[in-house]
Every structure is written in structure tokens, then in C-alpha cells.
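Spelled out, the chains give:
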Amino acid sequence: MVKAINISLNVGKKNILSKVNAHFNNGEVTAILGPNGAGKSTLVKCIAGTIKPSKGNIEIDNENINNIALEDLACKRGYLNQQFNWSVAYTVRDLVSIGRFPHYDVYPSKEDDRIITSAMELLDIISFSDRTTNNLSGGELQRVHFARTLAQIWPTTSKEKKLLILDEPVNNLDPQYQHAILALAKDFARNYNVCVIVVLHDLNLVAQYSNNSILMKEGEIIAQGKTADVLTEQLLEEVYKVPISIIKNESQFHIITGVKYNQLKKELIL
Amino acid sequence: MTHRVKLTYISLFVLLPICVIIATSLGAFKIEFKQCVNIIINLFGAENYSEFTIPQYNVLLNIRLPRVLLSMMIGAALAVSGAGLQGLFRNPLADPGLIGISAGAMLAASIAIILGLQFTNGFLGYYSISFATFLGAISTTIIVFRLSKSDKSTNIATMLLAGIAINALAGAVTGFIIYLSNDDQLRDITFWSLGSLGGADWEKIIALIPLTILPIIMIARLSKKLDVFALGESEAICLGVNVNTMKRKLIIWVTITVGSCVAIAGMIGFIGLLIPHITRLLVGPKHRNLIWISAILGALVLSVADLLCRLIVAPAELPIGILTAILGTPLFLMLLIQQKRKING
């Protein structure tokens, strides 16, 4: 379990995060959502340990993140960044194997190789494993990096508590892979007890794949809890400042942004 | 290891001793190839004095062999430093000049020359210019490194800019010193800035062994970390790399080795930039192979370049910096065009 305790971060006079308290459970997918500049990426970077908050603590399994050695942290926490360095010309397989770096010294073990191959199979990138990453499309590269992150936190025994942090993992992807990747993340959470934290923009994907949600605005948490409780018309309209309709019953959960359902119905004569 | 990488290692290891023999047997003073081999065999105990003369023996062992070995050590050290810095800056155009090493060395050497240090027989005597150069190289790098530090971390972009600024400043001061110098000093400064491997002896070799071999090994030990670092700073942190320690180690080893190479041989351009570039085309961007193959290739190329310097205008010598630039520039442009073609399909 990951806890953010009273996290604040200021750059100059601007508060990027102010007094954020949140917790994230193993075995569940927690989505972080909110408009641009709400501090979502900053929050996950603090949790990943790549930036240090000005105030407050991050605890991973009841241990302060500052007390965990970088190498140990690397074996249990994977983080997929929003942006990638395009210029490196590693082959796809080499790039995925970088995910196993924290687990071996000089040469990867057979187990590492097996994990690398499995991660590539899951992401459907094995067919171009020898291509270099500087001439892949954006979506292909995104899948390669996702495979690298999965390889890093690949569960080997059921007791380990791994943490997977994804910052907008489906940005460049077509619907097929958007669903494939989020389904994989959910699968890792449910079947391997991984704690998954994912920053998402698409409200329907949030509704479909997350157990819990955190709604942020201007560096503060507006609401958190079960996704079904956080995604309400009133809260979302307040945060995003556009009309929003939610159609929810036993069989469906749809969110329409930019227009009220009644008006849409009238215009399209549904 | 792929087939291609293995092949590269094998062919370079075969070329290396061949290169030593050819480079020692050719030169203004005539030593036949066969005599050269005989002298070397003689070293290992077989007595066959009849085949060569004592002057030949002396030229080969006390002048040429140290010179070839010196060129190889310096070539390897410069190439590895270039590979390391290109990894650190995540930019294939980085070279040791970028962090102020060369500019500081140049400034210190000019000051030493204009103060007439090489004529005095003070504390360091003959080595005073080398010593001043080494100090100059190290202190500018320390300044650049300090300037780029904020809190506990080192900002690579700031480091690049600080390097450019310090380079400009050191260049201006060097210019002022040149303005103050007389004709002889000006000539000395100019020749120093073009580099030379002349004056190699066993003493220098022994002094340089720990200052090149150890840094090369230490830089090579950072390969895995540099591989991760290529993906970006936050990726490297997430994969367990202490990026600040890595940056500091790399800068320290590069400065030590390049500083001592510049101190002994003056400024030799293009090796640090070009060799890692060529190596990357041969064996790809992973640093373990990149660094080791750069080392061997750097050794080969600089010893061949030095051989040409000795041969082209024999019995005089061309400054090596001229040759590396003349040969390096077209090669570099060729690589650029080739790469552009590759990208454009």
C-alpha cells in the first residue's frame, strides 16, 4: 500500500501540490484525473520518487520512501513517463531488457530473459523486436516502454508487493491498444496483487478500468473514493467547467462530455 | 553478443599488434620489417644480434615503441572519454572540450609558456608545462561542474551552457596572453595547441598508465548506468541509478584522463568526438561494447595518424592535431550524410 501524507510542493510562490493526502491499495487500480495543470503528473512523480515534495511524506508499505535504497525501490516500483527520449537507437528487445537492469549485475539470467520475452508477447511487440526504437511510431514506442515497465516489476512470487505507476499510458494509442494496456494493468492488479496508479484523461476509460479514483484540481484533491462515487455529474462539471452527462445503470456506465444528455437527445432525436 | 559485435572485437584485436609492428618499423630512420621483428624476438631471449645494429635497436625500443604505445594509450583514453561524455550529455556531438577541459589546458599552457616555465629548472623542471596544463584542465572543469550544481543535483543543460561560457572566457584570456607574447612564445603556443606525440619516453608511459587505464576501466564500469541514463533522468532514477553519483564519477574520471593526455601531448582534436560515433555505427549504442571498442579503435586510429605525421614530411613531423582534423572532418561529414540518407530512406 502506498500513502501520500500531507504532500505539498511549491516552485517559487506557486503551489503545485497543496496538502495532498491519498492512499493506494495493492490489488486495485486507482485513477488520477483532473484538468491540465491540476498536479496529477507531479503527484505521481512524487510517489515514484523522482521528485521530492517540499513537505510531507510518501510511504510505501509503511516505509518512508526516503529510507528505501534506490536499487531496492527499482525492483518493486515501475514508472512509465509521459514523454520518451526519441533519439536512442536501442533495439526493441534491448529497450525492454533495460527494465530488468535492477535485477541483475552484468548479464541477465535465464529468468530475466524469459520475463523480457513474456512482457514483449503481452504487448504484441515481439514481431518487431529487432527494429531500432528511433524509427518506431509513437504508439509502438509507447507499447515498448510499457513492456519495459512491466518487465521491471514482473511478479515472481505472490508475496511481493509491486507498484506500477502509469502517467497517461494510452496517449498515442488507438482504441485497440488503449484497452489492451489498461486491461493488462487491471489484470496485474487483480491477479498479482500489484498496486496500480494511473493518470488518465479519458473519463470513460476511468469508469471502465479503475476501482478507485482521485479527482484533482489546482494542486488539491477535490474528491477520492470508489470510482462510481467520484464520477458524478455535479463534481465533474465543477472541475472541468463543461456540461457532462452520465448514463449509468446495471449494464452501462457512459460519460458524455460537452453536452447535456437531454439536449443531445433532442438534437439527434434519439 | 551478436555476431557483428564479436567480429568487430576479433578484427580489432588482430589489427592492434599488426599496427604496433608496422608503426614501429616505419619512419625516417630505416629499420627493415624483418629487423623489427628480430629485435622484438630478441627482447624475449632469443639471441640473434647479427640481423640488426645497435642504433636500430635503440631507436626502436627507446623512441618508436614508447611513442606508439603513448599514442595508443592517449587515443584510447580520448575515445572513451568522448563516449562517456556523449552518454552523459545524451548527445552524440559532445566531446571533452565541452566541459572546459581543453580551454583550461590551453590557457594554462599559454601562461606557462609565456612565463618561460620550460626554460627554468625549477621544482618540476622539464615537466612544468605538463603540470600547469593538467591543473588548468582540472580547475576549469571543477568550475563548470560547480556552476551547474543546484542543491544536490547537477543539471546537464546548465553544465553545457556553463562549459560554453567558461570556454569563451578562457579563450579570451588566452587571446590576451597571445597578444602579450613574443614571436618565439607565439610559435610555442601555436605548436602546443596542435598537439604532438614527440618526446615520448618510457618515463611518460609509466606515468600515464595509471592515468589512462584506470579511468578507462572506471568509465566502462558505468556502462550499464549510462544505458539507462540514455532513456532520461527520471527513468534512470526509477531504474535504481543514483544519477548524481554517476555524473560525478564520470566527470572526475574523464577530467583526470583527458587532463593528463592533454598535459603530455597537447590538444588532439576529433578523436573524442569521432571514434565513439564510428563505434556506434559498428556495434550499436549499448555502452559496454561502445566503450571498449572505442578504446581499441581510438588506440588504432591515433597510432596510425601519428605514423602518418612522422612519414608525410619526414624527417620533419606534422603536428598531430592537424592530421586528426584533416582526416577526421571529411570522415565525419561522410557519416553525417550517410545517416541523413538512412533517415530519409
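Residues numbered from 1 in each chain as written. Chains lettered and ligands numbered in written order. Predicted model: local features only at pLDDT ≥ 70, side-chain atom pairs only at ≥ 80, totals over all residues.

**Quick word on the overall build of chain A**
Regarding its fold elements, chain A presents ten helices and twelve strands. Projecting the C-alpha coordinates of chain A onto the three principal axes gives extents of approximately 65 × 45 × 35 Å. The proportion of buried residues among the 270 residues of chain A is 40%. Across chain A, the fraction of contacts at a sequence separation of at least 24, relative to all contacts at a separation of at least 6, is 65%. (Helix = DSSP H or I, 4+ residues; strand = E, 2+ residues; numbered from the N terminus. Buried ≥ 20, exposed ≤ 12 C-beta atoms within 10 Å, placed from the backbone. Contact = placed C-beta atoms within 7 Å.)

**Section: helix H5 (residues 138–152) of chain A**
Residues and elements named next belong to chain A. In a regular helix each residue adds 1.5 Å, so 15 residues correspond to 21 Å; H5 covers 21 Å between its end C-alpha atoms and thus fits that length. Burial within H5 is extensive, with twelve of its 15 residues counted as buried. Turning to H5, its buried residues are Glu140, Gln142, Arg143, Val144, His145, Phe146, Ala147, Arg148, Thr149, Leu150, Ala151 and Gln152. Tucked into the core, H5 has its buried residues touching strand E6 (77–80), helix H3 (92–98), helix H4 (110–122), strand E7 (163–167) and helix H6 (175–192). (Expected span 1.5 Å × (residues − 1).)

**Topic: the nonpolar core**
Note that soluble globular proteins tend to have their nonpolar side chains buried in a common cluster. Ile47, Ala119, Ala147, Ile165, Ala185 and Val196 of chain A are the most contacted members of the largest nonpolar core, which totals 175 residues. The leading source of residues in this core is helix H3 (residues 54–89) of chain B, at 16 residues. Those residues in contact with alanine 185 of chain A, other than ones at most four positions away along the chain, are Val29, Leu164, Leu166, Val196 and Val198 of chain A. (Core = buried A, V, L, I, M, F, W, Y, C linked by C-beta atoms within 7 Å.)

**Let's talk about the interface of chain A and chain B**
As a measure of interface size, the accessible area lost when the parts come together is often cited. With 19 residues of chain A at the contact, the number on the chain B side is 16 residues. For the side of chain A that touches chain B, the secondary-structure elements that each account for two or more residues are helix H2 (70–76), E6 and H3 of chain A. Sorting elements by how many residues they give to the side of chain A that touches chain B places H2 of chain A first, with four residues. Residue classes in the side of chain A that touches chain B are distributed as eleven nonpolar, five polar and three charged. (Nonpolar A, V, L, I, M, F, W, Y, C, P; charged D, E, K, R; others polar.)

**As for the pairing of strand E9 (residues 212–217) of chain A**
Residue and element names in this part refer to chain A. Judged by how many residues are buried, E9 sits mostly within the fold: five of six residues are covered. Taken together, the four bridges between strand E3 (residues 29–33) and E9 define a ladder with parallel strand orientation. If you follow threonine 30 over to E9, its bridge partner there is asparagine 212. Relative to strand E10 (residues 220–226), E9 runs antiparallel, the two sharing six bridges. Residue pairing for E10: methionine 216 is matched across the bridge by isoleucine 221. Between the end of E9 and the start of E10, which pair antiparallel, lie two residues, with glutamate 218 showing a positive phi angle near 45°. (Pairing = 2+ DSSP bridges.)

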